[in-house]
Amino acid sequence: MNDIFILYDDEYHEIRKILSRLKEESNSRLVFLADRNGQAIAIIGDLDELDSTALASLTAGNVAATDSLAKLLGSKGFHSLFHEGEKENMHISPIGNHIILGVIFDEKTSLGLVRLRVKKASSELSAVFDNIEKKKERGELPSSPPPFSEITDDDIEKLFRGR
Amino acid sequence: MPFINNFTKEIHLKIVYYGPGLGGKTTNLQYIHNHLDHHRKGPLVTLPTETDRTLFFDFLPLDIGTLKGGYKVRCHFYTVPGQVYYNATRKLVLKGVDGLVFVADSQVERYDANLESVENLMENLKEYGYNFNDIPYVLQLNKRDLPKIMSVEEMLKGLRLKNEPYFEAVALKGVGVFETMEAIVKATVAKLVKGFSL
(Lines give C-alpha, C1' and ligand atoms only; values in the text may rest on other atoms or scores of the structure.)
Protein backbone atom coordinates (compact mmCIF):
# COMPACT_ATOMS: atom_id res chain seq x y z
CA MET A 1 0.00 0.00 0.00
CA ASN A 2 1.12 3.54 -0.66
CA ASP A 3 1.87 6.33 1.78
CA ILE A 4 -0.84 8.34 3.43
CA PHE A 5 -1.63 11.63 1.75
CA ILE A 6 -2.31 14.36 4.29
CA LEU A 7 -3.35 17.77 3.10
CA TYR A 8 -2.69 20.48 5.69
CA ASP A 9 -4.53 23.78 6.06
CA ASP A 10 -2.01 26.09 4.32
CA GLU A 11 -1.79 23.99 1.18
CA TYR A 12 -5.54 23.38 1.16
CA HIS A 13 -6.20 27.14 1.21
CA GLU A 14 -3.57 27.70 -1.47
CA ILE A 15 -5.20 25.06 -3.69
CA ARG A 16 -8.66 26.58 -3.21
CA LYS A 17 -7.27 30.01 -4.10
CA ILE A 18 -5.82 28.68 -7.37
CA LEU A 19 -9.04 26.84 -8.24
CA SER A 20 -11.17 29.93 -7.48
CA ARG A 21 -8.99 32.04 -9.73
CA LEU A 22 -9.17 29.42 -12.48
CA LYS A 23 -12.96 29.30 -12.23
CA GLU A 24 -13.23 33.07 -12.40
CA GLU A 25 -10.70 33.63 -15.18
CA SER A 26 -12.05 30.83 -17.36
CA ASN A 27 -15.66 31.75 -16.63
CA SER A 28 -16.51 28.12 -15.97
CA ARG A 29 -19.20 26.55 -13.80
CA LEU A 30 -17.16 24.20 -11.66
CA VAL A 31 -13.50 23.47 -11.04
CA PHE A 32 -12.28 20.49 -9.05
CA LEU A 33 -9.17 18.66 -8.05
CA ALA A 34 -9.10 14.91 -7.42
CA ASP A 35 -6.38 12.37 -6.88
CA ARG A 36 -5.87 9.50 -9.29
CA ASN A 37 -7.38 7.09 -6.80
CA GLY A 38 -10.69 8.89 -7.19
CA GLN A 39 -10.83 11.01 -4.08
CA ALA A 40 -12.01 14.61 -4.31
CA ILE A 41 -9.45 17.06 -2.91
CA ALA A 42 -11.19 20.40 -3.48
CA ILE A 43 -14.16 21.71 -5.43
CA ILE A 44 -15.04 25.29 -6.31
CA GLY A 45 -18.27 26.31 -7.96
CA ASP A 46 -21.87 25.43 -8.42
CA LEU A 47 -22.36 21.80 -7.37
CA ASP A 48 -26.14 21.92 -7.49
CA GLU A 49 -27.33 18.29 -7.42
CA LEU A 50 -23.96 16.96 -8.48
CA ASP A 51 -22.35 14.44 -6.13
CA SER A 52 -18.74 15.48 -5.68
CA THR A 53 -17.38 12.06 -4.69
CA ALA A 54 -18.97 10.36 -7.69
CA LEU A 55 -17.61 13.14 -9.89
CA ALA A 56 -14.07 12.57 -8.59
CA SER A 57 -14.30 8.79 -8.78
CA LEU A 58 -15.64 8.70 -12.34
CA THR A 59 -13.10 11.28 -13.48
CA ALA A 60 -10.26 9.21 -12.03
CA GLY A 61 -11.68 6.10 -13.70
CA ASN A 62 -11.85 8.00 -16.96
CA VAL A 63 -8.24 9.16 -16.70
CA ALA A 64 -7.05 5.68 -15.71
CA ALA A 65 -8.82 4.12 -18.69
CA THR A 66 -7.50 6.65 -21.20
CA ASP A 67 -3.99 6.35 -19.73
CA SER A 68 -4.13 2.63 -20.40
CA LEU A 69 -5.38 3.34 -23.91
CA ALA A 70 -2.44 5.68 -24.45
CA LYS A 71 -0.05 2.97 -23.32
CA LEU A 72 -1.65 0.55 -25.78
CA LEU A 73 -0.92 3.12 -28.46
CA GLY A 74 2.66 3.36 -27.31
CA SER A 75 2.26 6.82 -25.79
CA LYS A 76 3.03 7.93 -22.23
CA GLY A 77 -0.42 9.36 -21.65
CA PHE A 78 -2.81 12.06 -22.84
CA HIS A 79 -2.18 15.65 -21.75
CA SER A 80 -5.86 16.42 -21.50
CA LEU A 81 -9.30 14.99 -22.16
CA PHE A 82 -12.22 16.95 -23.50
CA HIS A 83 -15.84 15.84 -23.39
CA GLU A 84 -18.31 17.88 -25.39
CA GLY A 85 -21.92 17.83 -24.30
CA GLU A 86 -25.09 19.45 -25.55
CA LYS A 87 -24.89 22.23 -22.98
CA GLU A 88 -22.04 21.37 -20.67
CA ASN A 89 -18.50 20.37 -21.46
CA MET A 90 -15.72 18.93 -19.40
CA HIS A 91 -11.99 19.45 -19.61
CA ILE A 92 -9.77 17.07 -17.64
CA SER A 93 -6.03 17.30 -17.27
CA PRO A 94 -3.73 15.08 -15.21
CA ILE A 95 -1.12 16.96 -13.19
CA GLY A 96 1.97 14.91 -12.43
CA ASN A 97 1.46 11.32 -11.36
CA HIS A 98 -1.12 11.81 -8.64
CA ILE A 99 -3.50 14.68 -9.33
CA ILE A 100 -6.28 15.46 -11.82
CA LEU A 101 -7.73 18.90 -12.55
CA GLY A 102 -11.28 19.03 -13.92
CA VAL A 103 -13.26 21.97 -15.32
CA ILE A 104 -16.95 21.93 -16.19
CA PHE A 105 -18.11 24.76 -18.41
CA ASP A 106 -20.93 25.83 -20.76
CA GLU A 107 -21.50 28.26 -23.61
CA LYS A 108 -20.50 31.24 -21.45
CA THR A 109 -16.86 30.48 -22.23
CA SER A 110 -14.77 28.66 -24.83
CA LEU A 111 -12.53 25.61 -24.87
CA GLY A 112 -9.61 27.80 -25.91
CA LEU A 113 -9.93 30.06 -22.88
CA VAL A 114 -10.39 27.10 -20.54
CA ARG A 115 -7.27 25.42 -21.93
CA LEU A 116 -5.24 28.59 -21.57
CA ARG A 117 -6.28 29.14 -17.94
CA VAL A 118 -5.89 25.45 -17.08
CA LYS A 119 -2.31 25.54 -18.29
CA LYS A 120 -1.46 28.36 -15.91
CA ALA A 121 -3.33 26.82 -12.97
CA SER A 122 -1.71 23.42 -13.60
CA SER A 123 1.77 24.78 -13.15
CA GLU A 124 0.72 26.65 -9.98
CA LEU A 125 -0.85 23.49 -8.58
CA SER A 126 2.22 21.47 -9.52
CA ALA A 127 4.29 23.91 -7.50
CA VAL A 128 2.03 23.47 -4.46
CA PHE A 129 2.33 19.67 -4.59
CA ASP A 130 6.09 19.83 -5.21
CA ASN A 131 6.32 22.04 -2.17
CA ILE A 132 4.38 19.52 -0.06
CA GLU A 133 6.88 16.83 -1.12
CA LYS A 134 9.83 19.07 -0.28
CA LYS A 135 8.36 19.95 3.12
CA LYS A 136 7.81 16.24 3.78
CA GLU A 137 11.42 15.46 2.88
CA ARG A 138 12.70 18.22 5.15
CA GLY A 139 10.45 16.98 7.95
CA GLU A 140 8.62 20.28 8.13
CA LEU A 141 5.16 18.74 8.10
CA PRO A 142 3.70 17.17 11.23
CA SER A 143 3.92 13.39 10.79
CA SER A 144 0.37 12.92 11.96
CA PRO A 145 -2.76 14.89 12.76
CA PRO A 146 -2.47 15.01 16.57
CA PRO A 147 -5.46 12.97 17.79
CA PHE A 148 -4.72 9.87 15.71
CA SER A 149 -2.27 8.29 18.09
CA GLU A 150 -4.88 8.46 20.87
CA ILE A 151 -7.56 6.53 18.98
CA THR A 152 -8.19 3.10 20.49
CA ASP A 153 -9.80 -0.07 19.12
CA ASP A 154 -12.84 0.81 21.20
CA ASP A 155 -13.13 4.20 19.48
CA ILE A 156 -13.10 2.43 16.11
CA GLU A 157 -15.74 -0.02 17.38
CA LYS A 158 -17.93 2.97 18.31
CA LEU A 159 -18.10 4.06 14.67
CA PHE A 160 -20.73 1.40 14.11
CA ARG A 161 -22.70 1.53 17.32
CA GLY A 162 -26.19 2.92 16.93
CA ARG A 163 -26.32 2.31 13.19
CA MET B 1 -3.68 5.55 -0.38
CA PRO B 2 -5.70 7.00 2.52
CA PHE B 3 -6.38 10.69 2.00
CA ILE B 4 -6.70 12.96 5.02
CA ASN B 5 -7.89 16.52 4.65
CA ASN B 6 -6.73 18.15 7.85
CA PHE B 7 -8.75 21.30 7.28
CA THR B 8 -12.13 19.67 6.66
CA LYS B 9 -11.19 16.87 9.10
CA GLU B 10 -12.06 14.09 6.70
CA ILE B 11 -10.46 10.71 6.22
CA HIS B 12 -11.11 9.06 2.86
CA LEU B 13 -10.52 5.33 2.43
CA LYS B 14 -10.84 3.18 -0.67
CA ILE B 15 -12.25 -0.30 -0.19
CA VAL B 16 -12.48 -2.73 -3.10
CA TYR B 17 -14.76 -5.77 -3.38
CA TYR B 18 -12.95 -8.39 -5.48
CA GLY B 19 -13.98 -11.83 -6.67
CA PRO B 20 -15.15 -13.96 -9.59
CA GLY B 21 -17.88 -12.89 -12.01
CA LEU B 22 -21.48 -13.19 -10.78
CA GLY B 23 -20.24 -13.81 -7.23
CA GLY B 24 -22.34 -11.02 -5.66
CA LYS B 25 -19.98 -8.04 -5.35
CA THR B 26 -22.43 -5.58 -6.85
CA THR B 27 -25.26 -7.15 -4.84
CA ASN B 28 -23.34 -6.39 -1.62
CA LEU B 29 -23.12 -2.70 -2.51
CA GLN B 30 -26.72 -2.59 -3.70
CA TYR B 31 -27.91 -4.03 -0.41
CA ILE B 32 -25.88 -1.52 1.60
CA HIS B 33 -27.15 1.31 -0.58
CA ASN B 34 -30.79 0.24 -0.20
CA HIS B 35 -30.63 -0.15 3.55
CA LEU B 36 -28.90 2.98 4.82
CA ASP B 37 -30.29 6.45 5.56
CA HIS B 38 -29.93 8.71 2.58
CA HIS B 39 -27.90 11.31 4.50
CA ARG B 40 -25.07 8.81 5.03
CA LYS B 41 -24.63 7.69 1.46
CA GLY B 42 -23.94 9.10 -1.97
CA PRO B 43 -25.43 7.69 -5.15
CA LEU B 44 -24.56 4.13 -6.19
CA VAL B 45 -22.74 4.60 -9.45
CA THR B 46 -22.71 1.59 -11.75
CA LEU B 47 -20.95 1.22 -15.09
CA PRO B 48 -22.63 -1.89 -16.50
CA THR B 49 -22.46 -3.65 -19.85
CA GLU B 50 -25.56 -4.08 -21.99
CA THR B 51 -26.27 -7.31 -20.17
CA ASP B 52 -26.05 -5.62 -16.78
CA ARG B 53 -22.68 -7.03 -15.81
CA THR B 54 -20.09 -4.69 -14.28
CA LEU B 55 -17.97 -3.25 -17.07
CA PHE B 56 -15.60 -1.00 -15.15
CA PHE B 57 -16.66 -0.58 -11.54
CA ASP B 58 -19.53 0.13 -9.18
CA PHE B 59 -18.96 2.86 -6.67
CA LEU B 60 -20.65 3.76 -3.40
CA PRO B 61 -19.44 6.54 -1.10
CA LEU B 62 -20.52 6.21 2.52
CA ASP B 63 -20.16 8.31 5.65
CA ILE B 64 -19.19 5.87 8.38
CA GLY B 65 -18.99 8.12 11.43
CA THR B 66 -16.72 10.43 13.37
CA LEU B 67 -13.61 9.37 15.25
CA LYS B 68 -12.30 10.88 18.46
CA GLY B 69 -10.76 14.23 17.54
CA GLY B 70 -13.56 15.02 15.12
CA TYR B 71 -12.25 13.25 12.03
CA LYS B 72 -15.06 12.05 9.79
CA VAL B 73 -14.48 8.66 8.18
CA ARG B 74 -15.72 8.45 4.61
CA CYS B 75 -15.33 5.18 2.74
CA HIS B 76 -15.44 4.76 -0.99
CA PHE B 77 -16.54 1.24 -1.90
CA TYR B 78 -15.72 -0.13 -5.33
CA THR B 79 -16.39 -3.42 -7.04
CA VAL B 80 -14.27 -4.77 -9.86
CA PRO B 81 -15.64 -6.47 -12.98
CA GLY B 82 -15.36 -10.17 -12.22
CA GLN B 83 -15.18 -11.63 -15.69
CA VAL B 84 -11.76 -12.92 -16.62
CA TYR B 85 -11.42 -10.83 -19.79
CA TYR B 86 -11.87 -7.50 -18.00
CA ASN B 87 -8.53 -7.62 -16.26
CA ALA B 88 -7.35 -4.29 -17.67
CA THR B 89 -10.18 -2.37 -16.00
CA ARG B 90 -10.11 -4.59 -12.90
CA LYS B 91 -6.51 -3.67 -12.32
CA LEU B 92 -7.24 0.05 -12.62
CA VAL B 93 -9.81 -0.14 -9.83
CA LEU B 94 -7.23 -1.66 -7.47
CA LYS B 95 -4.98 1.37 -7.69
CA GLY B 96 -4.62 3.02 -4.29
CA VAL B 97 -6.68 0.38 -2.48
CA ASP B 98 -6.76 0.64 1.34
CA GLY B 99 -8.87 -2.42 2.17
CA LEU B 100 -10.01 -5.54 0.30
CA VAL B 101 -13.03 -7.81 0.50
CA PHE B 102 -12.96 -11.06 -1.44
CA VAL B 103 -16.49 -12.20 -2.31
CA ALA B 104 -16.28 -15.93 -2.98
CA ASP B 105 -19.06 -17.92 -4.65
CA SER B 106 -19.89 -20.96 -2.50
CA GLN B 107 -21.23 -23.12 -5.36
CA VAL B 108 -19.13 -26.21 -6.05
CA GLU B 109 -18.98 -25.41 -9.76
CA ARG B 110 -17.56 -21.93 -9.07
CA TYR B 111 -14.71 -23.01 -6.82
CA ASP B 112 -12.13 -22.91 -9.62
CA ALA B 113 -13.32 -19.43 -10.56
CA ASN B 114 -12.69 -18.36 -6.95
CA LEU B 115 -9.16 -19.72 -7.04
CA GLU B 116 -8.48 -18.10 -10.38
CA SER B 117 -9.73 -14.76 -9.07
CA VAL B 118 -7.52 -14.98 -5.96
CA GLU B 119 -4.54 -15.71 -8.16
CA ASN B 120 -5.44 -12.78 -10.40
CA LEU B 121 -5.74 -10.51 -7.35
CA MET B 122 -2.25 -11.48 -6.20
CA GLU B 123 -0.80 -10.83 -9.66
CA ASN B 124 -2.46 -7.43 -9.94
CA LEU B 125 -1.35 -6.37 -6.46
CA LYS B 126 2.17 -7.46 -7.27
CA GLU B 127 2.21 -5.45 -10.48
CA TYR B 128 1.43 -2.32 -8.46
CA GLY B 129 4.10 -3.26 -5.93
CA TYR B 130 1.54 -3.65 -3.12
CA ASN B 131 2.24 -6.20 -0.40
CA PHE B 132 -0.85 -8.33 0.21
CA ASN B 133 0.18 -8.88 3.82
CA ASP B 134 -0.01 -5.13 4.47
CA ILE B 135 -3.56 -4.72 3.18
CA PRO B 136 -6.58 -5.27 5.45
CA TYR B 137 -8.54 -8.18 4.00
CA VAL B 138 -11.89 -9.84 4.69
CA LEU B 139 -13.29 -13.00 3.09
CA GLN B 140 -16.99 -13.38 2.37
CA LEU B 141 -18.45 -16.79 1.48
CA ASN B 142 -21.50 -15.79 -0.49
CA LYS B 143 -24.57 -17.66 -1.74
CA ARG B 144 -24.81 -19.94 1.29
CA ASP B 145 -28.53 -20.47 0.55
CA LEU B 146 -27.99 -22.26 -2.76
CA PRO B 147 -27.97 -26.03 -3.28
CA LYS B 148 -24.69 -27.75 -4.22
CA ILE B 149 -22.41 -25.54 -2.19
CA MET B 150 -19.07 -26.40 -0.61
CA SER B 151 -18.69 -26.67 3.14
CA VAL B 152 -17.23 -23.67 4.94
CA GLU B 153 -14.22 -25.75 6.01
CA GLU B 154 -13.43 -26.79 2.45
CA MET B 155 -13.70 -23.23 1.19
CA LEU B 156 -11.52 -21.82 3.94
CA LYS B 157 -8.84 -24.42 3.24
CA GLY B 158 -8.33 -23.01 -0.25
CA LEU B 159 -9.38 -19.39 0.07
CA ARG B 160 -8.43 -18.16 3.53
CA LEU B 161 -5.02 -16.66 2.95
CA LYS B 162 -3.86 -14.93 6.12
CA ASN B 163 -6.24 -15.87 8.88
CA GLU B 164 -8.51 -13.00 7.88
CA PRO B 165 -12.02 -12.63 9.28
CA TYR B 166 -14.60 -14.45 7.18
CA PHE B 167 -18.38 -14.23 6.94
CA GLU B 168 -21.01 -16.53 5.51
CA ALA B 169 -23.40 -14.52 3.41
CA VAL B 170 -26.50 -14.42 1.28
CA ALA B 171 -25.95 -10.99 -0.22
CA LEU B 172 -29.32 -10.89 -2.01
CA LYS B 173 -31.08 -11.12 1.35
CA GLY B 174 -28.52 -9.04 3.21
CA VAL B 175 -27.17 -11.89 5.32
CA GLY B 176 -23.56 -11.14 6.24
CA VAL B 177 -23.43 -7.97 4.13
CA PHE B 178 -23.12 -5.37 6.89
CA GLU B 179 -20.94 -7.68 8.98
CA THR B 180 -18.47 -7.93 6.10
CA MET B 181 -18.54 -4.18 5.48
CA GLU B 182 -18.04 -3.33 9.14
CA ALA B 183 -15.16 -5.77 9.49
CA ILE B 184 -13.25 -4.34 6.55
CA VAL B 185 -13.88 -0.72 7.59
CA LYS B 186 -12.72 -1.40 11.16
CA ALA B 187 -9.60 -3.21 9.95
CA THR B 188 -8.78 -0.43 7.47
CA VAL B 189 -9.28 2.37 10.00
CA ALA B 190 -7.25 0.42 12.58
CA LYS B 191 -4.42 0.02 10.09
CA LEU B 192 -4.43 3.75 9.38
CA VAL B 193 -4.46 4.70 13.05
CA LYS B 194 -1.76 2.20 13.99
CA GLY B 195 0.40 3.59 11.22
CA PHE B 196 0.49 6.83 13.16
CA SER B 197 1.22 5.37 16.55
CA LEU B 198 4.32 3.47 15.47
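The structure presented is a predicted model; accordingly, all values stated were derived computationally and were not measured.

**Regarding the confidence of the model for chain B**
Here's step 1: The pLDDT averaged across chain B works out to 93; a share of 99% of its residues lies at or above 70.
Here's step 2: Confidence metrics for the complex model read pTM 0.90 and ipTM 0.82.

**Focus: the packing of helix α2 (residues 87–94) of chain B against helix α3 (residues 111–128) of chain B**
Residues and elements named next belong to chain B.
Here's step 1: Here α2 crosses α3 at 60 degrees, and the two axes come no closer than 10 Å. The angle between α2 and α3 places the two elements in the oblique class. Seen along the crossing, α2 lies across α3 with a hand that is right-handed. Only Asn120, Leu121, Asn124, Leu125, Glu127 and Tyr128 of α3 make contact with α2, whose side of the interface consists of Asn87, Arg90, Lys91, Leu92 and Leu94.

**Quick notes on the pairing of strand β4 (residues 81–84) of chain A**
All names here are of chain A.
Here's step 1: Where β4 and strand β5 (residues 89–95) come together, 4 bridges link them in antiparallel fashion. Residue pairing for β5: glutamate 84 is matched across the bridge by asparagine 89.
Here's step 2: What sits between β4 and β5 in their antiparallel hairpin is a turn of 4 residues.

**Section: the pattern of salt bridges**
Here's step 1: This structure, assessed with the given rule, holds 18 salt bridges over all chains.
Here's step 2: With its nearest N and O atoms 3.4 Å apart, the salt bridge here joins B:Lys68 to A:Asp155. Here B:Lys68, found in the loop between β4 (54–66) and β5 (72–79), pairs with A:Asp155, found in helix α4 (residues 153–158), and the two come from separate chains.
Here's step 3: On the accessibility criterion, A:Asp155 (11% relative accessible area) is buried.
Here's step 4: Through salt bridges with shared partners, a single ionic network connects A:Arg29, A:Asp46 and A:Glu88.

**Focus: the nonpolar core**
Here's step 1: Counting 66 residues, the largest nonpolar core has A:Leu33, A:Leu101, B:Ile32, B:Phe77, B:Met181 and B:Val185 as its most contacted members.
Here's step 2: With 11 residues, helix α5 (residues 177–197) of chain B is the single largest residue contributor to this core.
Here's step 3: In this structure A:Leu33 touches A:Ile15, A:Leu19, A:Gln39, A:Ala40, A:Ile41, A:Ala42, A:Ile95, A:Ile99, A:Ile100, A:Leu101, A:Leu125 and A:Phe129, once residues within four positions along its chain are discounted.
Here's step 4: Of all hydrophobic cores here, the second largest spans 32 residues; its members include B:Val80, B:Tyr111, B:Met155 and B:Leu156.

**Some points on the pairing of strand β2 (residues 10–18) of chain B**
Residues and elements named next belong to chain B.
Here's step 1: Burial analysis of β2 places 8 of its 9 residues in the buried class, the great majority of the element.
Here's step 2: Pairing analysis gives 3 bridges linking strand β1 (residues 3–5) to β2, with the strands arranged antiparallel. Residue pairing for β2: isoleucine 4 is matched across the bridge by isoleucine 11.
Here's step 3: Counting the residues that bridge the hairpin from β1 to β2 gives 4 residues, and of these lysine 9 lies at a positive phi of roughly 55 degrees.
Here's step 4: Pairing between β2 and β5: 8 bridges, direction parallel. Each residue of the ladder has a partner; that of valine 16, found in β5, is tyrosine 78.

Conventions adopted
- Residues numbered from 1 in each chain as written.
- Chains lettered and ligands numbered in written order.
- Predicted model: local features only at pLDDT ≥ 70, side-chain atom pairs only at ≥ 80, totals over all residues.
- Heavy atoms only, no water.
- pLDDT = per-residue confidence, 0-100.
- Axes fitted to C-alpha atoms, helices over the stretch in contact; angles between N-to-C directions.
- Helix = DSSP H or I, 4+ residues; strand = E, 2+ residues; numbered from the N terminus.
- Parallel < 35°, antiparallel > 145°, perpendicular 65-115°, else oblique.
- Left-handed = near helix turned anticlockwise from the far one by under 90°.
- Contact = heavy atoms within 4.5 Å.
- Pairing = 2+ DSSP bridges.
- Salt bridge = Lys/Arg side-chain N within 4 Å of Asp/Glu carboxyl O.
- Buried < 20%, exposed > 50% of the residue type's maximum accessible area, 1.4 Å probe, protein only.
- Core = buried A, V, L, I, M, F, W, Y, C linked by side-chain atoms within 4.5 Å.

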